[in-house]
Amino acid sequence: MRTTVGIIGAGPAGLLLARLLHRAGIASVVLESRDRAYVEQRQRAGILEQDTVDVLRAAGAGERMDREGLRHDGIELRFDGRRHRVDFPGLTGGRAVTVYAQTEVCKDLVALQLEEGGPLLFEAEALAVEGAETGTPRVRFRHEGREDVLECDYVAGCDGFWGVARKAVPAALSRVFERTYPFGWLGILADVAPSHDELVYARHDRGFALLSMRSPTVSRLYLQVPTETDAADWSDEAIWDELERRLATEDDWRLERGPVTQKSVTPMRSFVHEPMRHGRLFLAGDAAHIVPPTGAKGLNLAVGDVVTLARALVHRRDTGSEELLDSYSETCLRRVWQAERFSYDMTTLLHPAPGATPFEDRLQVARLDRIATSRAARTDLAEAYTGFPLD
């Protein structure tokens, strides 16, 4: 099998890259180790930055997003029982975010790829990337019970943290930066209308809580828990009781309860692999970096990577210059590290650390109070939350 760009992974990064290349007239093949149902049901991110929304629209993948997605013009911070709203458009010149689940983004992109794009092979397990330093890299993969080879001009590793693409970068050339946080998120999906029309980030002495949503009738909520927590140890009633404690306010706001349909624990970590390019292999999304979910950056960083890569590939085809391909890693990493910084700031701002001293607790509250009382501090948060520029 032969193509121009071999794409490993049919998550949002791989699917969007295939879509952008198709629109530009560049051939690709997408290899995905899981089946279609898994890809379309895998619960992940739900917040799309302004630029992500704009990219999906420009790629012809925004029709259902515009119809069903929920535009959010701000978030609410809660601490000490007080509520403080951060107004995104008023602080950023009109930028906002959209609540539209990663599952729905993938459904839209899968449908477009199967209808209009190049080959998308499900249950095609990539085994190795070979010859990344040459002009003809290859992806060995297993599909329908037999091994095959995808020969290409370029390989895009969009196969997540545990994929094979990053392993093709020699250890001697790799630098890894990471941090593991001493807590995780116990998350639930519930069939109940959200109790607030915007996301609520709550700092409480008992731990962080987040009120989010997936639709007007489905709520997504999280609790800070110890890393070793088993979701099965928490009854639905206990989760709702704890959410109510941590989200409580001084006014008459109330948390609405409903049937819990999913329950899981998400670990919290930061990870960056440098470089994001080796020869003709380009890493994108979770294959190159992971952020804690507090800043809602994971999916959006993946979009930034593949937009940058697609532009570089089009530039190479149209001009013969490899300038943008050569600067791919440096260009992406500037944005990645800003997102890592923001996600770290949001995480340490809102999560009481195990064993934190009273001094550290007071510093957290002081940081939150600074945001609540300073337009400059709120602007910095709003600009980062709605997205760092793709250019």
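Rules and cut-offs
- Residues numbered from 1 in each chain as written.
- Predicted model: local features only at pLDDT ≥ 70, side-chain atom pairs only at ≥ 80, totals over all residues.
- Heavy atoms only, no water.
- Helix = DSSP H or I, 4+ residues; strand = E, 2+ residues; numbered from the N terminus.
- Domains from an automatic or database assignment.
- Buried area = accessible area lost by both parts, 1.4 Å probe.
- Salt bridge = Lys/Arg side-chain N within 4 Å of Asp/Glu carboxyl O.
- Pairing = 2+ DSSP bridges.
- Buried < 20%, exposed > 50% of the residue type's maximum accessible area, 1.4 Å probe, protein only.

### Regarding the environment of Gly145
So, step 1. Along the polypeptide, Gly145 turns up in the loop between β10 (138-143) and β11 (146-151).
So, step 2. In the structure, Gly145 is positioned 88 residues away from Arg57 in sequence and 38 Å away in space, judged by C-alpha atoms.

### Focus: the domain arrangement of the chain
So, step 1. Domain boundaries in the chain define domain 1 (5-70 + 100-178 + 269-346) and domain 2 (181-267 + 353-386).
So, step 2. Between the C-alpha centres of domain 1 and domain 2 there is a distance of 30 Å.
So, step 3. When domain 1 packs against domain 2, the two sides together hide about 1600 Å² of surface, and 61% of this comes from carbon and sulfur.
So, step 4. Joining domain 1 to domain 2, the criterion identifies 0 salt bridges.

### Quick word on the sheet that holds strand β4 (residues 70-72)
So, step 1. With antiparallel pairing, the 3 strands of this open sheet are ordered in space as β3-β7-β4. The open sheet terminates on both sides in strands that have one partner only, identified here as β3 (47-48) and β4.
So, step 2. One ladder, built from 3 bridges, connects β4 with strand β7 (residues 97-99); its direction is antiparallel. Within β7, the residue paired with Arg71 across the bridge is Thr98.

### Brief notes about the pairing of strand β5 (residues 74-79)
When a strand is regular, its side chains alternate between the sheet's two faces.
So, step 1. By the criterion of burial, β5 is predominantly enclosed, with 6 of the 6 residues buried.
So, step 2. Residues of β5 alternate between two faces, with Gly74, Glu76 and Arg78 on one and Ile75, Leu77 and Phe79 on the opposite face, all of them buried.
So, step 3. Bridge count between β5 and strand β6 (residues 82-87): 6 bridges; the pairing is antiparallel. What sits directly across from Glu76, in β6, is Arg85.
So, step 4. Here β5 folds back onto β6 in antiparallel fashion, the turn holding 2 residues, of which Asp80 has a positive phi close to 55 degrees.
So, step 5. Sheet topology places β5 next to strand β14 (residues 199-203); 5 bridges connect them, and they run parallel. Among the inter-strand pairings, Ile75 is bridged to a residue of β14, identified as Leu199.

### With respect to the pattern of salt bridges
So, step 1. Going through the model one piece at a time under the given rule, you end up with 44 salt bridges.
So, step 2. Among the salt bridges present, the one from Asp108 reaches Arg64, with a minimum N-O distance of 2.9 Å. Here the residue Asp108 occupies a position in helix α6 (residues 102-116), and Arg64 occupies one in helix α4 (residues 63-68), the gap between them amounting to 44 residues.
So, step 3. The network of salt bridges with shared partners includes Glu63, Arg64, Arg67, Glu68, Glu104, Lys107 and Asp108.

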